[in-house]
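Commentary on secondary and tertiary structure
Residue-level listing of the chains:
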Amino acid sequence: MKRRQLIQAATVGTATGALGLSGCASIGGSRAQVVVVGGGYGGATAAKYVRMWSDYGIDVTLVEPNAAFVSCPISNLVIGGSKTMADITTPYDNLSKRHGVKVVRDMVAAIDADKRTVTLAGGAQLPYDRLILSPGVDFMLDGLPGLRQPGAQDKVLHAWKAGPQTAALRRQLEAMPDGGVFAISIPLAPYRCPPGPYERACQVASYFKKAKPRSKVLILDENDDVTSKGALFKKAWADRYAGMIEYRPKHKVVDVDVATNTLKFEFNDDLKAAVLNVLPPMRAGEIAVKTGLATANRRWCEVDFLTFESKAAKNIHVLGDAIQVAPLMPKSGHMANQHGKTAAAAVVALLTGKPVNAMPVYNNTCYSFVSEEDVVHVASVHRYDAAQKTMLTVPGSGGLSSAANELEGRYALAWARNIWADSLA
Ligand SMILES: Cc1cc2nc3c(=O)[nH]c(=O)nc-3n(C[C@H](O)[C@H](O)[C@H](O)COP(=O)(O)OP(=O)(O)OC[C@H]3O[C@@H](n4cnc5c(N)ncnc54)[C@H](O)[C@@H]3O)c2cc1C
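**Focus: the sheet that holds strand β16 (residues 253-257)**
On the basis of which strands lie adjacent, the open sheet formed by three strands has the order β16-β17-β18 and antiparallel pairing. At either end of the open sheet lies a strand with only one pairing partner, and these are β16 and β18 (271-272). Relative to β18, strand β17 (residues 262-265) is paired through two bridges, and the arrangement is antiparallel. When the bridges of β18 are listed, leucine 263 appears paired with leucine 271.

**Digging into the packing of aromatic side chains**
Counted under the stated rule, the structure contains ten aromatic pairs. A cation over an aromatic ring shows up here: arginine 170 above the ring of tyrosine 207, its NZ or CZ 4.0 Å from the ring centre. Taking the ring centre of tryptophan 300 as reference, the NZ or CZ of lysine 331 above it sits at 3.7 Å.

**A few points about the site of the ligand**
Surveying the vicinity of the ligand reveals 34 residues, the closest of which are Glu64, Val108, Arg192, Asp321 and Gly333. Asparagine 66 is positioned with one of its side-chain polar atoms (N or O) 3.5 Å from an oxygen atom of the ligand. Between the ligand and valine 108 there is a distance of 2.9 Å, counted from a nitrogen atom to a backbone nitrogen or oxygen. Compared with its free state, where it exposes 1000 Å², the ligand has 91% of that area covered by protein. Taken together, the elements giving at least two residues each to the shell around the ligand come down to α2 (41-53), α3 (75-80) and α10 (333-352). Broken down by element, the residue count for the shell around the ligand peaks at three residues, all from α10. Per-class residue counts for the shell around the ligand are 15 nonpolar, 13 polar and six charged.

**Points about the side chain of histidine 377**
As for its position among the elements, histidine 377 is in strand β25 (residues 375-385). Relative accessible area serves as the criterion here: at 15%, histidine 377 is assigned to the buried category. A distance of 2.7 Å separates a polar atom in the side chain of histidine 377 from a polar atom in the side chain of glutamate 408. When neighbours within four sequence positions are excluded, histidine 377 is seen to be in contact with Lys229, Thr365, Cys366, Tyr367, Gly399, Leu400, Ser401 and Glu408.

**Considerations on helix α11 (residues 406-424)**
Given 3.6 residues to a turn, an α-helix orients residues that are three or four positions apart in the same direction. With 19 residues, α11 extends 27 Å between its outermost C-alpha atoms, agreeing within 8% with the 27 Å of an ideal straight helix rising 1.5 Å per residue. Every buried residue of α11 is listed here: Glu408, Gly409, Ala412, Trp415, Ala416, Ile419, Trp420, Asp422, Ser423 and Leu424. Viewed along the axis of α11, the buried residues span an arc of 165 degrees, placing them on a single side of the element. For α11, the exposed residues lying more than 90 degrees away from the buried face are Arg417 and Asn418. Its side-chain oxygen placed 3.3 Å from the backbone nitrogen of leucine 407, asparagine 405 serves as the N-cap of α11.

**Let's talk about the nonpolar core**
Of all hydrophobic cores here, the largest spans 125 residues; its most connected members are Ile219, Trp237 and Phe305. Excluding its chain neighbours within four sequence positions, the residues that come into contact with phenylalanine 305 are Ile323, Gln324, Val325, Ala326, Met329, Thr342, Pro360, Tyr362, Tyr384, Lys389, Thr390 and Met391.

**A look at the sheet that holds strand β8 (residues 108-112)**
Pairing within the open sheet is antiparallel, and its three strands lie in the order β8-β9-β10. Taken across any chain shown, the strands that pair with only one partner, and hence form the sheet edges, are β8 and β10 (125-127). Sheet twist, expressed as the average angle between the axes of neighbouring strands with direction ignored, equals 20 degrees.

**Concerning the pattern of salt bridges**
Using the criterion set out here, one finds 20 salt bridges in the structure. One salt bridge in this structure joins arginine 192 and aspartate 321, with 2.5 Å as the shortest N-O distance. Note that arginine 192 is positioned in the loop between β13 (181-186) and α7 (196-211) and aspartate 321 in the loop between β23 (316-318) and α10, a separation of 129 residues in sequence. Each member of the pair arginine 192 and aspartate 321 is classed as buried. Salt-bridge contacts for arginine 248 lead to glutamate 246; the nearest nitrogen and oxygen are separated by 2.7 Å.

**Looking at unusual backbone geometry**
Note the cis peptide between alanine 189 and proline 190, where omega equals 5 degrees. Positionally, proline 190 belongs in the loop between β13 and α7. Phi is positive for asparagine 261, close to 55 degrees, though the residue is something other than glycine. Here asparagine 261 lies in the loop between β16 and β17.

**Examining the confidence of the model for the protein**
Across the protein, the average pLDDT comes to 93, with 93% of residues at 70 or higher. Predicted confidence for residues 1-23 stays below pLDDT 50, and this span has 48 contacts to residues more than four positions away or in other chains.

**Details of the packing of helix α6 (residues 164-175) against α7**
The contact between α6 and α7 brings their axes to 11 Å, and the two run at 35 degrees. Seen from above, α6 lies across α7 with right-handed handedness. Between α6 and α7, the residues in contact are Leu169, Arg170, Leu173 and Glu174 and Arg200, Val204, Tyr207 and Phe208, respectively.

The rules behind the values
Residues numbered from 1 in each chain as written. Predicted model: local features only at pLDDT ≥ 70, side-chain atom pairs only at ≥ 80, totals over all residues. Heavy atoms only, no water. Pairing = 2+ DSSP bridges. Helix = DSSP H or I, 4+ residues; strand = E, 2+ residues; numbered from the N terminus. Phe/Tyr/Trp six-rings, centres within 6.5 Å; stacked < 30°, edge-to-face > 60°. Lys NZ or Arg CZ within 6 Å of the ring centre and 35° of its normal. Near = heavy atom within 4 Å. Polar contact = N/O pair within 3.5 Å; in protein donor to acceptor, adjacent residues only side chain to side chain. Areas by Shrake-Rupley, 256 points an atom, 1.4 Å probe, with all protein chains shown as cover. Nonpolar A, V, L, I, M, F, W, Y, C, P; charged D, E, K, R; others polar. Buried < 20%, exposed > 50% of the residue type's maximum accessible area, 1.4 Å probe, protein only. Contact = heavy atoms within 4.5 Å. Expected span 1.5 Å × (residues − 1). Arc of directions from axis to C-beta. Core = buried A, V, L, I, M, F, W, Y, C linked by side-chain atoms within 4.5 Å. Axes fitted to C-alpha atoms, helices over the stretch in contact; angles between N-to-C directions. Salt bridge = Lys/Arg side-chain N within 4 Å of Asp/Glu carboxyl O. pLDDT = per-residue confidence, 0-100. Left-handed = near helix turned anticlockwise from the far one by under 90°.

Structural data, given as structure tokens:
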């Protein structure tokens, strides 16, 4: 499709808006085109906010292979059995109906940064003035040869991208006889959602306490210690799941024997379990890596934190879990949502000749369910530091809440509903 034809297909009208922009941002007389790759926490938010903050003057096309958004936050409760897949699923309809985002159900197969086009797996080409890339993570399986065998990944699951694997891991737990062992392995940080594996251990143990009380949860962590909310998780394991959850640090998985459900470690004895849940090491989503944007150890994409523009390619803005984070910035959905808004504001400014915000500030709250209802959280505020050109945490902001109670649980569910609405409604 020619760039001009795509532009002429645009339909949504113009007005003067909240940012004081002229409604129709144009490049050489044509409406500006933004393509967003990935409809997760980062991409969906950016798509919506580019539309809103350009007063619907910039055309936005969102490319996403999944029919609906399925949230990783709260997905551990599906695995524990207290929530359903429907509870964590939100359609993309409102992005198109309310905000005029053109949602294309496809994968981006290639990005040509020089020509400023993306090619979809289905063959179509989309031109862009600015590309926003939020592809999440993909798994590094080179060090886990057993998982690369045909069918292995259908048996030994990660369930670290919410969707069919979430439901499949739940089914494996339901099918497991009482007295079995559920073993979850954690890669060296950085990985998506530092507290997520420990929350998952709590959810599985909470289910076992009710339904399979002779069963055990083993946490096999490559890190030296619990990577997030350590004291809070350890207290929950001791107070609520004594004798049921066992934590073993410094356990590096080097292979998985899928036929016998056995983990092999660098230094420790092999371990066989009824249900294995292996979280492989992670890096930026494949499309970012193959476009040459993962400049930090060929794993993560370095960006300018004022605009989220890639340091490797002009006019491409990378968000969410795929980026090389600033100090103490977690790979979280909340963070990806904040990246989405910061990048959206910057892209609108750049496309309309306005100044980019010189001091973005954003926050993060990460809730973890230690039972079906009770929750702990950690929060932080991050502000741009012009001297160091990075985001730094604001001294005295945020901190840990150890309440571990049901009120925090209600806040956590409200947080989820709010962020889903902010990103997708
Ligand atoms: C079990 C678990 C619990 C978690 N709990 C929390 C929590 O409580 N709070 C919190 O803040 N965070 C939590 N997280 C982390 C959070 O899910 C991620 O940080 C967040 O999803 C990152 O957003 P993203 O946009 O970078 O990636 P994603 O949300 O994964 O979105 C990436 C999207 O890109 C699409 N995509 C990939 N490649 C392409 C391509 N080539 N073409 C088109 N589309 C593509 C994918 O289909 C996907 O929809 C949790 C994660 C897990 C696994």
